Amino acid sequence: MNESEIRKYANLMRELGLTGLEINKDSSTVRLERNVSVREANPLKTDSQDDCAAAKNEQEDYISIKSPMVGVFYSSPAENAEPYVSLGDRVQKGKTLCIVEAMKLLNEIPSEIDGTISKICVSNGQNVEYGTELFRLKR
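Residues numbered from 1 in each chain as written. Predicted model: local features only at pLDDT ≥ 70, side-chain atom pairs only at ≥ 80, totals over all residues. Heavy atoms only, no water.

Within the secondary structure, serine 67 sits in the loop between strand 3 (62-66) and strand 4 (71-74). Beyond its immediate chain neighbours, meaning those up to four positions away, serine 67 contacts Val100, Val128, Glu129, Tyr130, Gly131, Thr132 and Leu134. (Helix = DSSP H or I, 4+ residues; strand = E, 2+ residues; numbered from the N terminus. Contact = heavy atoms within 4.5 Å.)

As enumerated under the stated definition, the model contains three salt bridges in all. When the shortest N-O distance is used, the salt bridge between glutamate 3 and arginine 7 registers 2.9 Å. A residue pair is termed a helical-turn pair when its members lie 3 or 4 positions apart in one helix, as glutamate 3 and arginine 7 do in helix 1 (residues 3-16) at four residues. As far as the burial class goes, glutamate 3 and arginine 7 line up, both exposed. (Salt bridge = Lys/Arg side-chain N within 4 Å of Asp/Glu carboxyl O. Buried < 20%, exposed > 50% of the residue type's maximum accessible area, 1.4 Å probe, protein only.)

Attention now goes to the sheet that holds strand 10 (residues 133-138). One key point about sheets: their strands pair by backbone hydrogen bonds, in either a parallel or an antiparallel sense. The antiparallel open sheet is built from four strands, whose spatial order is 3-10-8-5. If you trace the sheet from one side to the other, it starts and ends with strand 3 and strand 5 (90-91), each paired once. Alignment of strand 5 against strand 8 (residues 115-120), held across two bridges, turns out to be antiparallel. Residue pairing across strands places arginine 90 opposite threonine 116, the latter belonging to strand 8. (Pairing = 2+ DSSP bridges.)

Phe73, Val85, Leu97, Ile117, Leu134, Phe135 and Leu137 are the most contacted members of the largest nonpolar core, which totals 18 residues. Secondary-structure elements contributing two or more residues to this core are strand 3, strand 6 (96-102) and strand 10. Counting five residues, the second-largest nonpolar core is a separate cluster that includes Met13, Leu21, Ile23 and Leu32. (Core = buried A, V, L, I, M, F, W, Y, C linked by side-chain atoms within 4.5 Å.)

Quick look at the environment of tyrosine 84 now. Among the structural elements, tyrosine 84 can be located in the loop between strand 4 and strand 5. Tyrosine 84 sits 14 residues away from cysteine 98 along the chain, and the two C-alpha atoms are 6.1 Å apart. Apart from the residues lying within four places of it in its own chain, the contact partners of tyrosine 84 are Ser75, Ser76, Pro77, Lys95, Thr96, Leu97, Cys98, Ile99 and Glu108.

Attention now goes to the sheet that holds strand 9 (residues 127-128). Read from one edge of the open sheet, four strands run 7-6-4-9, paired in antiparallel fashion. Edge positions in the sheet fall to strand 7 (105-110) and strand 9, since each has one partner strand and no second. Examined bridge by bridge, strand 4 and strand 9 share two bridges and lie antiparallel to one another. Along strand 9, the bridge assignment pairs glycine 71 with valine 128.

Honestly, that's just the spatial picture; any functional story needs more than this.
Put into structure tokens, the structure is as follows:
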């Protein structure tokens, strides 16, 4: 395998967000690996995230529940379980809203106030950063 082919695969890895790739060609094997910094790992924006960011004028009636850490958002305690909360649910202060998995630790994120879930700003399994808005609660 020549250098231009390796560069082509490296660019493909970057484009697809892959951290590892193994190519078996003829009788040789090439393994490419790369480290991904938090700045490079830019999660895809969803329409609901745009809606959450656009509703600035309604902030007096709402409180944002934000991620306290970088990790993966999970809406339920297990893969096939019901989500902790759904749109329109009334929640009490301290009720678990979701889990953010960080470094193999499952961190429960509680409600900061009594309120109603008016918007869920991220999707299940999505990578979140510190300060990412997870939920919007109406007081």
